[in-house]
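Given next are the chains, with one letter for each unit.
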Amino acid sequence: MLRLPSFRYLQPASLTEALRMKRDAGPDGMFVAGGTDLYPNMKRRHQEPRTVISLMGISDLRATEGRKDGTTVGSCLTLRDLSVLPAFRPYAAVATAARLVSTPLLRNMGTLGGNLCLDTRCNYYNQSYEWRKSIDFCMKKDGKICWVAPSSPRCWAVSSSDVAPVMVAIGAEYGLIGPHGERVVPAARFYNNDGINYLTKQTDEILVEVRLPASNGWDAVYHKLRRRGSFDFPVLGVAAWINWQSGAGSREPLVNDARIVLGGVASYPQEIAEAAAALRGKPLSDETIAAAAEAAYRPSKPMDNTDFDLSWRKQMTRVYVKRALEELRARHT
Amino acid sequence: MARKPSDRRIIGTALRKIDAVAKVTGTTRFADDLAFPRMLYCKLLRATHPHARVVSIDASAARALDGVQAVLTGKDLPIPFGILPVSQDEHALCVDKVRFIGDPVAAVAATSEETATAALDRITVAYEPLRSFDSAEAAVANPEPRIHDYGDSGNLHKLIDLEFGDAAAGIAEGDVVREDLFFFEGNTHLPMEQHAAVAVWSPDGKLTLWSSTQTPHYVHRALAKVLELPPARVRVIATPNGGGFGGKSDPFNHEIAVAKLAMLTGRPVKITLTREEVFYCHRGRHPTLMWVRTGVKKSGAITGMHFRSLLDGGAYGSYGVASTYYTGALQTVTYNIPRYHFQGARAFTNKAPCGPKRGHGTPQPRFALEVHVDKIAEQLGLDPAELRLRTLVPPNSLTANYLRVGSMGLGRCIEKVIAGSEWKKRFRQLPEGRGVGLACSSYISGAGLPIYWNNMPHSGVQLKCDRSGGVTVFCGSTDIGQGSDSILAYIVAEILGIDPFDIAVVTADTDLTPVDLGSYSSRVTLMSGNAALQAAERARQILAVHAAKQLEVPVDRLQFADGRVFDGNDSKRGMSFADAVQAAEAAAGTVGTVGSYTPPRSAGRYRGAGVGPSPAYSYSACVAEVDVDPETGIVRVPTIWIAHDVGRSINAATVIGQVEGSIYMGLGEALMEEMAYRGNRNVVHKIPSLLEYKSPTTLEMCDVITYLVEDPDPNGPFGAKEVGQGPLLPVMPAVANAVYDAVGVRIDEVPITPEKVLKALRRKAKGEAGRVGPESFPDIPWPEPTRVPTPWEGGDGKAVEQVRA
Ligand SMILES: Cc1cc2nc3c(=O)[nH]c(=O)nc-3n(C[C@H](O)[C@H](O)[C@H](O)COP(=O)(O)OP(=O)(O)OC[C@H]3O[C@@H](n4cnc5c(N)ncnc54)[C@H](O)[C@@H]3O)c2cc1C
Ligand code: SF4
């Protein structure tokens, strides 16, 4: 069997205690929530923490709270919670994305926070130590070169979270706490287009909560492409958000604002501004949908490091953006 | 008094398996569940180069690590082995060369798995890389450097050329001559249980190995050979297999390594492979390129066929020579092919070794043949079901390549699925995007010849009747989940009239059980079933003689049922089964019998005639329905109708289980499974994990409507034929044919992925041929053909000496 290496496991009961433990452990310490990403990675020696600090004993991180301007969700809620709790019914796209993650077993363990901080993926990287040794490693771990793009100075590992693109699309904000206090960042600014430094979060910061905006006047959907109906990471995720124009007298409703965010094609949830621009101030007609889908297709640049052929994945951007927008249109009428 | 079929109590009913409760409650002990005091853990260091000379190995730092008890390298196990006598090309640990990434070079035994793993990092191996080959075409094009220093030519392991009648002249007689190229990608078995083995060396010099193997007899032979031990001092016990599918049919390097480590350390040694390592053991489906040319009359009658296959064998021989013959053998047992030419080649490449996977060497040509026939039907304007029905091989006949067909239920199978699927209303009539496809197949019920030449039985059974009334069956057969232990119990219970759940079944232990060759080639129900039948009938005879005396009833009037032995004319006049055993034991001593089975002699006498003959052939017909999304190319299969001619089902539930399992496996091969390697990156396996090697989940599984066709075969126990492999074969071509019906494109290779479907649709939209598939077949230095006149040319099964004109 592939074994987990030995490590020290700590279970703080409060955020202060967790931050102190992390300070004491230094760079060899890591936070863990559900562990469904970190533990498999440790088996393959991607991350090699000597001390693992669990956030699951901190009750504050599992709270949900309704606010005037939205809902605050604790980062340690499980994906199953997100997909079934009534509190998230107005956030259907969030619940859908959570429900589409992996398998029921993993959703019972995996958390929202872990999903939003998910390590980027690449099929040159998500391999055992021995396998990686056979290709002489890559720059994301233990090596110097990128095997996907050998002349590239950067890593192109793929942002593979299902929930993150939805958070960026609906304009959620993340609440963080670290040794230097608390801060709030918009979801879009939490991510970097870099396979190695994919988060703007410092390693000693804890993602405490996610602030979902009030659910009025907008609608969002999430469509996921993967090989099988269960278990698989997205090779393409499309989160589409529309703010409908209110009070327009015309029969055909108009788009006030839109955001189209792609998962699984870059090292971060990639917002396609051109696609949104094609929709603003217009009805969701077949023509505008096609224009937005075309606009999303062009900058979508998957690399050869996930399941499926990259050119097919790129072509699917058009189809999936179109289908997501068609669903939004159907839901509005 | 032999009972009429209608009197049978057990055969044909749907009983639960005798080990079902243990399996579902998790109490079955698999190899990895075994633990012994002072046990050590073994890990293998594997090659990080696809093809390289091993210059030196330094294990001193590993040996110095606390907890490490022994480290082995190739020189400790210099004797080669391999499943086939003609391909003894493996070493437990590579001696001077590594041939693929994953080839083991050193073995460590340590007090914990963690220590053993840490020790691997401390072994340094110096390699001198050699040029590597990642495809059969590359191996054909480059005879040097040779991966092995044996084989028919350069990097071609095996070359076969067999001609039965003048095939070219036959083809020329066709009104239509059709030529097609196909490719079948390699895929692997994916058993849920990873291979595991434990070895114990006793102080009195005996070795015991528990292993998740399908072939304990062959492992026994390999261990004795490599370890230079008298076979009498080696005991191999096959633990219950958590799935095998052919992936546990070779003797493996890890089995030999733990045995040697146990001998060296005097402590029990265990190994459990990781999932990644199971991908390196492989022995799965050979990637196969195929070319076929057939002549056909307007009526649909085939006039001749020429079939070529090129197999990518990976790094070792394994069963590959047999696999290569199998890609040409069974074309003739479904449709009448009066003249037939087969050319097959197997290449060595620097990838995990291929071997037997469910269907062994026949799914690839079956895919080619069934899609080819679909195209021929369209060309002739015939319904493909009708074309097949017109060309069926008759029962009790001899084929052009001397295979003796007995019972033959394919016609009934076709009729069943045609009716069940409402084929006539659907074929070529469904809306765009939806389609149906038909394909058929046949498979052997056990190979006619053993793996190493001998003229002994293929399966043996010993039966012990205890004075308590208990019965124990001993047989070398191995239950890999298919239920072979249960089959032994059902057959003995039927003959002796006792409860199958009262029977003790002892199997797969070379010290305790007579030889059975193993769970491969769909041989077990037929062969060990016949052996059990013989042993049980002999026991019944002994018991009947003595019971008859005591009951004062003529022997031939006695019946055995419900745990009693009684007068068939007056059921009250009888005794319990236990009393019958006691009567016999008192009169004649301990009651024990044996039974054995040897297949009938095959009709072919030419070189290569050993692959293909079988006591009986099973048949299946399958209709697949598909939905194709024209925007994405994604294919879904909502329903499959399948009819299988099993001769006679001993247990209808396990038969249907095998049919459904085959369809599940077939869907994976049809739609997604792929042993992908990065040719440009050191030939690493691209995706050696359960997550990224895509195999269907329950959500991808289709509805299955199964029809069992029962036409008892005289060679099978109670008429039974195989079901473990045959029903897999038609799934892939049925799906391919259905995709064509749905969207009018031909995907002439599996897996049929969305990328390929979309590409073909784009080509079609541009007015090009709507096809994705191989474009050419390389030139191969075929040998002079072995020419065998067909039976209808007066042939006697022997080859003729002939000079090529
Ligand atoms: C077989 C398999 C299939 C999967 N399929 C999918 C899929 O389809 N889609 C998908 O999105 N994911 C998938 N996943 C990934 C994973 O299961 C989920 O993303 C899950 O939500 C991760 O959450 P976790 O709590 O288990 O994360 P963990 O493993 O606990 O943590 C992941 C990372 O985030 C950090 N972290 C976690 N919580 C916090 C926090 N509150 N503050 C700061 N850092 C934190 C950890 O240090 C770690 O680096 C799959 C995983 C597996 C093994
Ligand atoms: S994208 Fe390149 S550097 Fe990043 S993980 Fe993959 S191979 Fe390594």
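### A closer look at the domain arrangement of chain B
Residue and element names in this part refer to chain B. Structurally, chain B comprises domain 1 (39-130 + 189-281) and domain 2 (457-597). Taking only C-alpha atoms, the centre of domain 1 and the centre of domain 2 are 39 Å apart. Listed per partner, the contact involves 17 residues of domain 1 and 16 residues of domain 2. Across the domain 1/domain 2 interface, buried area totals approximately 1200 Å², and carbon plus sulfur atoms make up 51% of it. Its largest share of buried area at the contact with domain 2, domain 1 owes to Gln 214, His 217 and Arg 235, together 40% of the area lost on that side. A salt bridge links Asp 511 to Arg 235; the shortest N-O distance between them is 3.7 Å. Mapped by element, the contributors of at least two residues to the side of domain 1 that touches domain 2 are α6 (216-227) and β11 (234-238). Element by element, the count of residues in the side of domain 1 that touches domain 2 is highest for β11, at five residues.

### Observations concerning the confidence of the model for chain B
Caution applies to low-pLDDT parts of the model: their predicted coordinates are not meant to be read in detail. Residue-level pLDDT values for chain B average 97, and 99% of them are 70 or greater. What the predictor reports for the complex is a pTM of 0.97 with an ipTM of 0.96.

### Topic: the site of ligand 1
The environment of ligand 1 is made up of 35 residues, and the closest members are Phe 31, Gly 34, Gly 35, Thr 36 and Thr 111 of chain A. This site is not confined to one chain, since residues near ligand 1 come from chains A and B. Contacts to ligand 1 include Asn 115 of chain A, whose side-chain N or O atom sits 2.8 Å from an oxygen atom. Contacts to ligand 1 include Lys 224 of chain A, whose side-chain N or O atom sits 2.9 Å from an oxygen atom. Isolated, ligand 1 exposes 970 Å² of accessible area, and the fraction of that covered by the protein chains is 94%.

### Regarding the interface of chain A and chain B
Contact with chain A, which involves 38 residues of that partner, is made by 42 residues of chain B. Between chain A and chain B, roughly 3300 Å² of surface is buried when both sides are summed, and carbon and sulfur atoms account for 49% of that area. Connecting chain A to chain B are seven salt bridges. Between Asp 232 of chain A and Lys 694 of chain B there is a salt bridge, with the nearest N and O atoms lying 2.8 Å from each other. In this assembly, chain A and chain B are joined by 20 residue pairs in polar contact (both at pLDDT 80 or more). Broken down by secondary-structure element, the contributors of at least two residues to the side of chain A that touches chain B are α7 (129-134) and α11 (310-332) of chain A. Split into classes, the residues belonging to the side of chain A that touches chain B amount to 17 nonpolar, eight polar and 13 charged.

Conventions used here
Residues numbered from 1 in each chain as written. Chains lettered and ligands numbered in written order. Predicted model: local features only at pLDDT ≥ 70, side-chain atom pairs only at ≥ 80, totals over all residues. Heavy atoms only, no water. Domains from an automatic or database assignment. Contact = heavy atoms within 4.5 Å. Buried area = accessible area lost by both parts, 1.4 Å probe. Salt bridge = Lys/Arg side-chain N within 4 Å of Asp/Glu carboxyl O. Helix = DSSP H or I, 4+ residues; strand = E, 2+ residues; numbered from the N terminus. pLDDT = per-residue confidence, 0-100. Near = heavy atom within 4 Å. Polar contact = N/O pair within 3.5 Å; in protein donor to acceptor, adjacent residues only side chain to side chain. Areas by Shrake-Rupley, 256 points an atom, 1.4 Å probe, with all protein chains shown as cover. Nonpolar A, V, L, I, M, F, W, Y, C, P; charged D, E, K, R; others polar.

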